[in-house]
Amino acid sequence: MSASPPTDAQRERAAKLRRELHEHNRRYHVDASPTITDQQYDELLEELARLEAEHPDLAAEDSPTRRVGGEPIEGFETVPHAVPMLSIDNTYDRDELRAWYERTLKALAKEQTPEDSSGSPLFVEGGPEQAAEIRLACEPKVDGVALSLRYENGSLVRAVTRGDGTRGDDVTHNVRTIRAIPLALRASTEAERPAVLEARGEVFMPDDVFTEVNRQREAEGLDLFMNPRNSTAGSLKQKDPAKVVRGLRFFAHGLGEVEPAEAFASHGGFLAALREFGLPTNPAIDTASGFDEAWRYIENFDQRRGELGYATDGVVLKVDRLADQAVLGATSKSPRWCVAFKFPAERVRTVLRGVEVQVGKTGKLTPRAVMDPVLVAGTTVRHATLHNFGEVARKDLRVGDTVVIEKAGEIIPQVIEAVVDERPEDAKPIAPPDACPVCATGVQIETVEDQETARYCPNPDCPAQLRERLIHFAGRKQMDIDALGDKTVHQLVDAGLLTSIGDVFRLHEKRDAIVALDRMAEKKADNLLAGIEASKARGLARVLGSLTIRHVGGSGGKAIARGFGSLDALRAADVEAIAAVDDIGPITAASLHDFLHSDAGRTVFDDLSAAGVDLTEPMAAASRESTESPFAGRKIVLTGTLESFTRPDLAEKLESLGAKVTGSVSKNTDLLIAGEAAGSKLDKAARLGVEVWDEAKLLEALAETAG
Ligand code: IVH
């Protein structure tokens, strides 16, 4: 491409456009008072983009045109935080909040020297009979995704998610598309710009943007996002920056690494400086002197938070003076100088239109309320669980009732009660089913003290149960067959290709029939078959945990597998021998013993064994006896590049020492060995609290085993 060099006039015009666009961004996001329309903004942006396209050497890294158009990436790199991103201690209770305040006051009073109190405007002295008060920053707790933005010499160099607090995902390429986040800090005369500045804050999606995103997804036949926060997180994890939702916003609320370190004296001062630099902070932030004022802020904020247009779930109180923050310090989880007061879950009313019955993997019939859609805690809700029919009866719910529902954060919406005063005359009582809605088998009712606690379809061949069991079987924490998800299970069951767990391992004989299915293709079918093949090596613990044996879950399966070492040994055991395993009680033991010797149990294990599924497990005893081999009996995952080994060689070596080396990190993983450039596995291990060794530690342990 032969681009002509820009003329001086063009160079100046480009610089001017960049300055203006940055300034308009700031007015919009920081001052919340734009002076031009979105359309005018777009016109300026287009003009600049044209100039830069014609004269590539005009294009600056921090140009507003550089927000979109980045290349899609392969995966996210995990990077450490220079200063950990801690979480906040929280409370729902005023007295607890007051206790935090009193504690803080006491801790600071002890440290306070006379010079501090005289020289500092931050401690507000009352009259002689009044106690000193602490100045607190009061901030909305925005329900978004935490992000750390690193600016070096004024330029945005990195944006990282919170991750596990010590390491997060580098999402810079996506964050650059967010207009609220400046690519370059504004040089300011009032606040000197630090050479390094890490600003932490919250990216969030306003409610109207969320509604629009879901409207579009619905039109495109895609799954809807649960709430604005999930939708924001999904956006940040896009591989293609062009797919990041427009309209995300950002408020800075904290400090990471800063150089020079003593750049700021107070939290309020720091936030004011950020605004000078062009970083938005929440306009609803205020300060309070002492607890009573802070409490008034909280009450007042609760009144108006419904009108903000974005989700908040509390108020964060922070000791304003940074020197005081330093005195108070932090626990391993959260700083002592801040606390979140959380608002109780929101309750809203809607109308109950019907009750559906869902058949679970154990045959349990769970009633589910179908309601007029209603927005609660930032999510549109149409369904709520009713737990069991005993509860439906106790709450005396009728179809047509106005009901009160509640949703706290992540938790599934609950029906609290019917508003009996508003019950229409034609409201219909809800009759519990006497037969399974899918296979029509008569139900079994479980009661505790005459109260119904559950209803079951007792037919093990019920197609609904089979589907749920298969979905569970293939699930990530069980046999981890990625390609066998909900939809595929439904398809295969409907097509008659899966009629039992054993059939999963006979699917390879039916490849043609699979390929012929709707929206299947050769590649997808082969993926599925490869995934099934790979799952054969998961070991007995996973197998036991995957079969929906009553009372036997993931941890039970592990305990039993390690106690017996093989299916053959387990099959030979009586109930007492099973109950003798650590962590296994008599009820679990009896249930497992029944299953092993039932027709269904015998069939499934014979099928698995015939298919070549690994039905053994390294025994716990082995790991206990060999303190010399720190690997025996442990499930180990390898990731990253190692200097001294190839991964296959290392896997072989560790297996020879009694370890089980698997491909993916799960909660059953005992140890992750991470070489250089480890990525998502390391991230996941950190999240799940799995022990992680680097190569040096590995070599040390191997040396000990050898010696
Ligand atoms: S301060 C060390 N201020 O809440 C504490 N956090 O529950 C640093 N959050 O991960 C956080 N609004 O993502 C702070 N005004 C605010 C906040 C806020 C929302 C989030 C933040 C944090 C989470 C902890």
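Model, not experiment: these values are computed from the prediction. (Residues numbered from 1 in each chain as written. Predicted model: local features only at pLDDT ≥ 70, side-chain atom pairs only at ≥ 80, totals over all residues. Heavy atoms only, no water.)

## Focus on the overall build of the protein chain
Alright, step 1. Looking only at helices and strands, one finds 26 helices and 25 strands in the protein chain.
Alright, step 2. When the backbone C-alpha atoms are referred to their principal axes, the protein chain occupies close to 80 × 75 × 60 Å.
Alright, step 3. Within the protein chain, buried positions represent 47% of all 707 residues.
Alright, step 4. Carbon and sulfur atoms provide 49% of the accessible area of the protein chain, an area that totals close to 34700 Å².
Alright, step 5. The centroid of the 87 positive side-chain charges in the protein chain is displaced by 2 Å from the centroid of its 115 negative side-chain charges. (Helix = DSSP H or I, 4+ residues; strand = E, 2+ residues; numbered from the N terminus. Buried < 20%, exposed > 50% of the residue type's maximum accessible area, 1.4 Å probe, protein only. Areas by Shrake-Rupley, 256 points an atom, 1.4 Å probe, with all protein chains shown as cover. Lys, Arg positive; Asp, Glu negative; His and termini not counted. Charge placed at Lys NZ, Arg CZ, Asp CG, Glu CD.)

## Some words on the packing of helix H1 (residues 8-29) against helix H2 (residues 38-54)
Alright, step 1. Two numbers describe how H1 lies on H2: the axes approach to 10 Å, and their chain directions differ by 150°. Helix-helix and strand crossings are classified by hand; for H1 and H2 the assignment is left-handed. Taking contact as the criterion, the partners of Gln-10, Arg-13, Ala-14, Leu-17, Arg-18, Glu-20, Leu-21, His-24, Asn-25 and Tyr-28 in H1 are, on H2, Asp-38, Tyr-41, Leu-44, Leu-45, Glu-47, Leu-48, Leu-51 and Glu-52.
Alright, step 2. Broken down by class, the residue content of the contact of H1 with H2 amounts to nine nonpolar, three polar and six charged. (Axes fitted to C-alpha atoms, helices over the stretch in contact; angles between N-to-C directions. Left-handed = near helix turned anticlockwise from the far one by under 90°. Contact = heavy atoms within 4.5 Å. Nonpolar A, V, L, I, M, F, W, Y, C, P; charged D, E, K, R; others polar.)

## Some words on the nonpolar core
Alright, step 1. In this structure, Leu-547, Phe-605 and Leu-608 are the most contacted members of the largest nonpolar core, which totals 51 residues.
Alright, step 2. If you tally residues by element for this core, the top one is helix H12 (residues 463-474), at five residues.
Alright, step 3. The contact partners of Phe-605, leaving out residues within four places of it in the chain, are Val-543, Leu-544, Leu-547, Leu-567, Arg-571, Phe-595, Leu-596 and Leu-615.
Alright, step 4. Grouped together as the second largest cluster of nonpolar side chains are 36 residues, Val-171, Leu-185, Val-244 and Phe-250 included. (Core = buried A, V, L, I, M, F, W, Y, C linked by side-chain atoms within 4.5 Å.)

## Things to note about the site of the ligand
Alright, step 1. Taken together, 13 residues sit near the ligand, with Glu-139, Lys-141, Ala-146, Glu-202 and Lys-318 positioned nearest.
Alright, step 2. Between the ligand and the protein, one listed contact pairs a nitrogen atom with a backbone N or O atom of Pro-140 at 3.2 Å.
Alright, step 3. For the ligand, a nitrogen atom lies 3.0 Å from a polar atom in the side chain of Lys-318.
Alright, step 4. Bound to the protein, the ligand loses 84% of the 530 Å² it would expose on its own.
Alright, step 5. For the shell around the ligand, the secondary structure elements donating two or more residues are strand E4 (133-142) and strand E11 (312-319).
Alright, step 6. Take the shell around the ligand: its biggest share by element is four residues, from E4.
Alright, step 7. Class assignment for the residues of the shell around the ligand results in seven nonpolar, one polar and five charged. (Near = heavy atom within 4 Å. Polar contact = N/O pair within 3.5 Å; in protein donor to acceptor, adjacent residues only side chain to side chain.)

## Focus on the sheet that holds strand E9 (residues 249-259)
Remark on secondary structure: sheet strands pair via backbone hydrogen bonds, oriented parallel or antiparallel.
Alright, step 1. Pairing in this open sheet of four strands is antiparallel, and the strands run E6-E5-E8-E9 from one edge to the other. Sheet topology places strand E6 (155-161) and E9 at the edges, where each strand pairs with a single neighbour. Taken pair by pair, the neighbouring strands of this sheet meet at an average axis angle of 25°, ignoring direction.
Alright, step 2. For strand E5 (residues 145-152) and E6, the ladder comprises six bridges, and the chain directions are antiparallel. By the bridge assignment, Glu-152 is partnered in E6 with Ser-155.
Alright, step 3. Strand contacts of helix H7 (residues 228-236): E5 and strand E8 (196-204), with the helix running at about 40° to E5, the strand carrying the most contacts.
Alright, step 4. Helix-sheet contacts for helix H8 (residues 267-277) involve E8 and E9, and the interaxial angle to E9 is about 110°. (Pairing = 2+ DSSP bridges.)

## Some thoughts on the sheet that holds strand E24 (residues 671-674)
Alright, step 1. Taking strand neighbours across the sheet as the criterion, the four strands line up as E23-E22-E24-E25 in an open arrangement whose pairing is parallel. With partners counted over all chains shown, the strands left at the sheet margins are strand E23 (660-662) and strand E25 (691-693), one partner each. Each strand axis lies, on average, 30° off the axis of its neighbour in the sheet, ignoring direction.
Alright, step 2. Across three bridges, the pairing between strand E22 (residues 635-639) and E23 is parallel. Bridging from a neighbouring strand, Ile-636 pairs with Val-661 of E23.
Alright, step 3. The strands touched by helix H25 (residues 680-688) within the sheet are E22, E24 and E25, with E24 carrying the most contacts at an inclination of about 145°.

## Some points on the state of the cysteines
Alright, step 1. Under the counting rule described, the total for this entry stands at zero disulfides.
Alright, step 2. Among the cysteines around Cys-338, which has no disulfide bond, Cys-138 carries the closest sulfur, lying 12 Å off.
Alright, step 3. Using a relative accessible area of 4% as the deciding quantity, one classes Cys-338 as buried.
Alright, step 4. No disulfide involves Cys-439; its sulfur sits 3.5 Å from that of Cys-457, the nearest cysteine. (Disulfide = S-S within 2.5 Å.)

## Section: unusual backbone geometry
Alright, step 1. Put simply, Glu-259 and Pro-260 share a cis peptide bond, and its omega is 0°.
Alright, step 2. Position of Pro-260 among the secondary structure elements: in the loop between E9 and H8.
Alright, step 3. Here His-387, not a glycine, exhibits a phi torsion of approximately 65°, which is positive.
Alright, step 4. His-387 gets classed as partly exposed once you look at its relative accessible area, which sits at 31%.
Alright, step 5. Backbone geometry at His-551 places phi at a positive 75°, although glycine is not the residue there.
Alright, step 6. Inspection of the secondary structure assignment puts His-551 in the loop between helix H17 (540-546) and helix H18 (554-564).

## Observations regarding the side chain of Thr-91
Alright, step 1. Counting through the fold element by element, Thr-91 comes out in strand E2 (residues 90-91).
Alright, step 2. A relative accessible area of 5% means that Thr-91 is categorised as buried.
Alright, step 3. Reaching out from Thr-91, the side chain makes a polar contact with the backbone nitrogen of Asp-93 at a distance of 3.0 Å.
Alright, step 4. When sequence neighbours within four positions are dropped, the list of residues in contact with Thr-91 reads Glu-96, Leu-97, Val-339, Ala-340, Phe-341 and Lys-342.

## Details of the pattern of salt bridges
Alright, step 1. Under the criterion given, the structure shown has 48 salt bridges.
Alright, step 2. Residue Asp-292 is joined to Arg-98 by a salt bridge in which the shortest nitrogen-to-oxygen separation is 3.3 Å. With a gap of 194 residues between them, Asp-292 in helix H9 (residues 290-304) and Arg-98 in helix H3 (residues 94-111) connect regions that are remote in the sequence.
Alright, step 3. Given a relative accessible area of 42%, Asp-292 falls into the partly exposed group. (Salt bridge = Lys/Arg side-chain N within 4 Å of Asp/Glu carboxyl O.)

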